[in-house]
Amino acid sequence: MADKEMKEEIVEEIINDTENKNENIETVSQEDEIKKLKGEVEDWKNSYLRKQADFQNFTKRKEKEFDDLKAFASEKVVVKVLDIIDNLERAIAASSETKDFDSLVKGVELTLSQMKSTVASEGVEAIETEKATFDPHLHMAVSVEDSADYANDEIIAEFQKGYKMKGKVIRPSMVKVCKK
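Bear in mind that the values here come from a model prediction, so they are computed numbers and not experimental data.

The rules behind each value
- Residues numbered from 1 in each chain as written.
- Predicted model: local features only at pLDDT ≥ 70, side-chain atom pairs only at ≥ 80, totals over all residues.
- Heavy atoms only, no water.
- Pairing = 2+ DSSP bridges.
- Helix = DSSP H or I, 4+ residues; strand = E, 2+ residues; numbered from the N terminus.
- Axes fitted to C-alpha atoms, helices over the stretch in contact; angles between N-to-C directions.
- Buried < 20%, exposed > 50% of the residue type's maximum accessible area, 1.4 Å probe, protein only.
- Patch = residues over 30% accessible without salt bridge, like charges linked within 9 Å, V, L, I, M, F, W, Y side chains within 5 Å.
- Areas by Shrake-Rupley, 256 points an atom, 1.4 Å probe, with all protein chains shown as cover.
- Salt bridge = Lys/Arg side-chain N within 4 Å of Asp/Glu carboxyl O.

Observations regarding the sheet that holds strand 2 (residues 139–145)
Turning to step 1, where the next piece is worked out: Judged by pairing direction, the sheet is mixed, and its three strands sit side by side in the order 2-6-3 without closing on themselves. Two strands lie at the open edges of the sheet, namely strand 2 and strand 3 (155–160), each paired on one side alone. Along the sheet, successive strands turn relative to each other by an average axial angle of 30°, direction set aside.

Some remarks on unusual backbone geometry
Among all residues save glycine, negative phi is the norm, and among peptide bonds the norm is trans.
Turning to step 1, where the next piece is worked out: Look at Asp 153: it is not a glycine, yet its phi comes out positive at around 70°.
Turning to step 2, where the next piece is worked out: Residue Asp 153 is classed as partly exposed on the basis of its relative accessible area of 23%.

Looking at a nonpolar patch on the surface
Turning to step 1, where the next piece is worked out: There is a patch of nonpolar side chains on the surface, built from Met 6, Ile 10 and Ile 14 and spanning about 300 Å² of accessible area.
Turning to step 2, where the next piece is worked out: The residue Ile 10 is located in helix 1 (residues 2–72) in this model.

What to know about the sheet that holds strand 5 (residues 168–171)
Turning to step 1, where the next piece is worked out: Pairing is antiparallel in the open sheet, where three strands are placed in the order 1-4-5. Bordering the open sheet on either side are strand 1 (124–126) and strand 5, each of which pairs with just one other strand. The mean inter-strand angle of the sheet, taken between neighbouring strand axes irrespective of direction, is 35°.
Turning to step 2, where the next piece is worked out: Across three bridges, strand 1 lies against strand 4 (residues 163–165) in antiparallel orientation. In the strand pairing of strand 4, Val 124 is matched with Met 165.

Printed below as a string of structure tokens:
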């Protein structure tokens, strides 16, 4: 019987050792899994922070590009206007030397034509007022007059020319309107 008891003790020790080893394996396995998951969370966190920083840099870059665009949006037109200023300065210089009023007028007329062509190339057009009916979207009535020669709400006179740019009114015409 001693053999049987001894065998049972040995079997019991083996079972206990196996259970202890399994518990240790499970503990080690859970700790490894926790470390692995913590590592993945840290990787996701770092990735998120990098993406957030990239987005902030992108936003700042776009804001700077927009500010630059606003600051230099009129550059093309200003360069064209500078040519016109040069022509006016040349006309004044030439007329002051020769004292020729007619050539000064001719130079100013040519420069005015150049200026009109420049603004037309940018989509600017004059608002017509001759024989037109008053339109509050296009005209600003600064005076009214009762006149037998004109119909009610017809424009009698234009005090200042109005302009549209690409269909949008940028300055309404200042007019006198017939009111009966």
